[in-house]
Amino acid sequence: MRRLLLIVLAVLLTAVVVQGKVVLKFWNFWPDKWIKPVIEDFMKQHPDIEVQIERLTWSDGFNKIVTAFAAGDTPDVLELGSTWVAQFAADGALLEVHPGNMLSRYNMWDPVIYKGKYYGFPWVISTRILFYNKDLFKKAGLDPNIPPRTWSELLDAAKKISALGDDIFGFGIKTGQYTTWQTFLPFAWSNGASVLTKDWKKAAVNSPEFVEALDFVSKLTKYSMIDSNLNVRQAFMQGKVGMILDDVGRIKTFKKNAPDLNFGYAMFVRPDKLWSKPIQFGGAEVIVIPKNTKHPKEAEMLAKFIVEKNSAMAISSRIPTLIPADKSVKDDDFFKKQPGFCVIMNQLQFTKTPPAHPKWVEIQEVLTEYITQVYNGAMSAKEAMDRAEEEINEILEEFEEEYGD
Amino acid sequence: MVSRKKKIRNAVNIFILLSPWIASFLTFKLYPILFSFYLSFTRYNPIRGRPPRFVGLRNYHHLFSDPTFAIALKNTVLFVVITVPITTVISLLIASVLVSSLNIRGKQIFQSGYFMPVVTSMVVIATIFSYLYSPNGYLTALIKFFGADLKYGRGILADPRYALPAIMAMDIWASFGYYTILFLAGLQSIDRQIYEAAAIDGAKGFYLFRKITLPLVSPMLLFVLVINTIRSFQIFIEVYVMTQGGPLRATTTVVYYLYETGFHKMKMGYAAAMSYVLFLIILSFTIVQKLLVRYQR
């Protein structure tokens, strides 16, 4: 009996040793059906590497990732949302990567840079644009083919549409734990303001440009519906809101889910200043490599392969408004034919991401609190931002003490 | 007389049959509870890759000066103190009506109807209520009709004064059915003859209820109070789905703040300390409730 056991063990051990193939684990948020062809392609080109994919769900994927890092049991290649990367990079959980000439060939590197080093590759990117209800525009006496381009035009349109009825709102301001600042910051960015100073050492939320933007949006609240992302979108689809900001993906889903809605879309609005640009929120899915991977070289090869345009198409072909970060996209026929291609590509020239600061979660908490106070009329924009600046500076100091070099 | 050998054999068999459950209890319940206790004395960032760092009572100490924790505690206690009595009273009254000899048509339908919110996923209920509470929602219109002054374009959940009561109302609606069933069981176990005897002595109506029903149903009453309190102290899903602790922290509960601290701010040690403080609070409340009910008897 014992001898049999020994033989079985010996066979198993040899099998494991002889295996020799490098096995990489890749976690992502997309259906296996989509990702499999990409992986099979990779394995064909690299027969000594085997890749196993595992799918994460949007509802608890983040928790699963955090748990995996805590347990030290991480995949070799991982997809992260762009706003999560900074925290992981600062905590030393990610491997530094070397993009080389990819830097000029790809968009949206901002979210993966931490202290001058790169910690991931942008995979697919997206942004937000302005959607407006053409029927409501007509009713309010506005030209349905000319969407607002500037802040004053936006305010004017919102005023006129709100006057149409008790249950009709001119604009939709989205609020929520992360939604509030995501909806507001583009106004500040378009006005030339930012949350932190360039060196990230101090808060810049009480700069005149920032306060001006907040003042403007608080004027807008008088003619807006203020509710969660889902409810505002729902109300827009029901024809109750004149204009909202939403992801470019809605171009298709509004057509499908609200076929009676006569809507148009355009780039975001900009302040009525001469050189201002309509800067919107740019988001990305990023491919990163956890630090304790046993095969860093192979992992980096796989990561670079995944973000190439042809591989990124696995997602973009199904969700065309998640565009590959690979710049060669703009000459691609498939994309040229998509509705809104021009608007999307134009808006993508003017996107910004929030500071990839590891304490961003706490910073945005302060921001959200004071923005909400201003929306509620409890404080003036200037007063709110002065207080916010103090509190954010405290957070930044705390961070320097803890992680400082 | 069962032989010694057989007794041992029996015990071993029982142990083997129970072992899967014992294994899962130790791994998934007992171990995390103990590990969490240990974590509460450490500083631990789960993704940093470093082991937890021992800091003694610092986390607990910090809780005393944490204004957000104070707010979370206040909101949670408010939630418990308001929803538990209301839910208990509603469910007891409804159960009494259902169990009485009043001939209401479709009693069975009511019974199942009251229980339906209980078996519906809280996430579903919260999502639907968040539409009802939205600026265009029915409940918002109702509140405005009764004079609530909501700012233009805003729903109930966007107003710091009404957000928590709104969640309380939803929670009461969603949970009373469960306690109704429990009280039904409790009431049905009371011997009819006691009522007949009392009726002969001339007792009726509310007096009957106070002097006979209430004392006899008090074991079930204690049970309902205790489990409702324990559950209400841990309110999380409604907040997570509907308001994420806002607006302006008006709906942040202890468990929600704990989740934010542990999973968003990566401060697991601090979150663990919070969970143990909550445990102690729930424990004290439960003991007090037990004593009170016993005193009433």
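Residues numbered from 1 in each chain as written. Chains lettered and ligands numbered in written order. Predicted model: local features only at pLDDT ≥ 70, side-chain atom pairs only at ≥ 80, totals over all residues.

**Here we look at the overall build of chain B**
In plain terms, the rule: Strands are runs of DSSP state E lasting at least two residues, helices are runs of H or I lasting at least four, and both sets are numbered from the N terminus onward. Within these notes, the globule rule equals 2.2 Å times the number of residues to the 0.38 power, and the radius of gyration is based on C-alpha atoms.
Secondary structure summary: chain B contains 12 helices and two strands in total. Mapped from its N terminus to its C terminus, chain B presents α and β elements in the order α-β-β-α-α-α-α-α-α-α-α-α-α-α. The C-alpha radius of gyration of chain B comes to 24 Å, more than 25% above the 19 Å expected for a compact globule of 297 residues. Here the C-alpha coordinates of chain B stretch approximately 80 × 75 × 35 Å along the principal axes.

**Digging into the nonpolar core**
Using the following cut-off: Core membership is restricted to buried Ala, Val, Leu, Ile, Met, Phe, Trp, Tyr and Cys residues, and these are joined into a nonpolar core through C-beta atoms within 7 Å. Buried residues are those with 20 or more other C-beta atoms within 10 Å of their own C-beta, exposed residues have 12 or fewer, and partly exposed residues lie in between; C-beta atoms are placed from the backbone. Note that the domain bounds reflect an automated or database-derived domain assignment. This entry defines residue contacts through backbone-placed C-beta atoms, with two residues in contact when those atoms are within 7 Å.
Membership of the largest hydrophobic core comes to 175 residues, with the highest contact counts inside it found for A:Val85, A:Trp123 and A:Leu130. Per element, the largest residue contribution to this core is 11 residues, and it comes from helix 7 (residues 163–188) of chain B. Residue-level mapping places this core at the junction of two domains, with at least three residues from each of domain 1 (4–54) and domain 2 (63–296) of chain B. The residues contacting A:Trp123, other than those within four sequence positions of it, are A:Glu79, A:Ala284, A:Glu285, A:Val286, A:Ile287, A:Ile306, A:Val307, A:Ala312 and A:Ala325.

**Let's talk about the packing of helix 3 (residues 67–99) of chain B against helix 9 (residues 205–233) of chain B**
All names here are of chain B. Which entries qualify depends on this criterion: To obtain an axis, a line is fitted to C-alpha atoms, over the contacting stretch when the element is a helix, and the angle between two such axes runs from 0 to 180 degrees between their N-to-C directions. Each crossing is labelled by how the near helix is turned from the far one, with a counterclockwise turn of less than a right angle marking it left-handed and a clockwise turn marking it right-handed. Residues were grouped as follows: Ala, Val, Leu, Ile, Met, Phe, Trp, Tyr, Cys and Pro as nonpolar; Asp, Glu, Lys and Arg as charged; and all remaining residues, including Gly, as polar.
The contact between helix 3 and helix 9 brings their axes to 10 Å, and the two run at 145 degrees. Read as a crossing pair, helix 3 and helix 9 show a hand that is right-handed. Two secondary-structure elements touch here, helix 3 through Thr-76, Phe-79, Val-80, Thr-83, Val-84, Thr-87, Thr-88 and Ser-96 and helix 9 through Thr-213, Val-224, Leu-225, Asn-228, Thr-229, Ser-232 and Phe-233. By residue class, the composition of the contact of helix 3 with helix 9 is six nonpolar, nine polar and no charged.

**Overview of the interface of chain B and chain A**
Each partner contributes residues to the interface: chain B has 24 residues there, and chain A has 30 residues. Here the side of chain B that touches chain A is built from residues that sort into 10 nonpolar, 10 polar and four charged.

**Here's the deal with the pairing of strand 3 (residues 77–81) of chain A**
All names here are of chain A. Put simply, the rule is: The rule for pairing is simple: two strands pair if DSSP sees at least two bridges between them.
Within strand 3, four of the five residues are buried, which leaves it mostly tucked inside the rest of the structure. The sheet contact formed by strand 3 and strand 11 (residues 280–288) spans four bridges and is antiparallel. When the bridges of strand 11 are listed, Leu-80 appears paired with Val-286.

**Observations concerning helix 8 (residues 192–200) of chain B**
Taking burial as the measure, the nine residues of helix 8 of chain B include zero buried ones, a minor fraction of the element. Phi for B:Gly202, located one or two positions after helix 8 of chain B, is positive at around 95 degrees.

**A look at the domain arrangement of chain B**
Residues and elements named next belong to chain B. Along its sequence, chain B is carved into domain 1 (4–54) and domain 2 (63–296). Spacing between the C-alpha centres of domain 1 and domain 2 amounts to 32 Å. Contacts between domain 1 and domain 2 engage 11 residues on the former and seven residues on the latter. Elements with a contribution of two residues or more to the side of domain 1 that touches domain 2: helix 1 (4–39) and strand 1 (42–43). A per-class count over the side of domain 1 that touches domain 2 returns six nonpolar, four polar and one charged.

**Some words on the environment of B:Leu278**
Residue and element names in this part refer to chain B. Along the chain, Leu-278 turns up in helix 12 (residues 268–296). Its 19 C-beta neighbours within 10 Å are what place Leu-278 among the partly exposed residues. The spatial distance from the C-alpha of Leu-278 to the C-alpha of Gln-234 is 8.5 Å, given a sequence separation of 44 residues. Every residue in contact with Leu-278, bar those within four places of it in the chain, is listed here: Phe-233 and Val-254.

**A closer look at the environment of A:Gln280**
Residues and elements named next belong to chain A. Summarising the element assignment, Gln-280 is placed in strand 11. In this structure, the C-alpha to C-alpha distance between Gln-280 and Ala-90, residues 190 residues apart in sequence, is 26 Å. If sequence neighbours within four positions are ignored, Gln-280 has contacts with Thr-127, Arg-128, Pro-186, Phe-268, Gln-347, Phe-350 and Thr-351.

**Things to note about unusual backbone geometry**
The backbone of A:Met108 sits at a positive phi, close to 60 degrees, despite the residue not being glycine. The residue A:Met108 is located in the loop between helix 5 (102–105) and strand 4 (113–114) in this model. Not every positive phi belongs to a glycine, and B:Arg249 is a case in point at roughly 70 degrees. Within the element layout of this structure, B:Arg249 appears in the loop between helix 10 (237–242) and helix 11 (254–264). Overall, B:Arg249 belongs to the buried group, with 20 C-beta atoms counted inside 10 Å.

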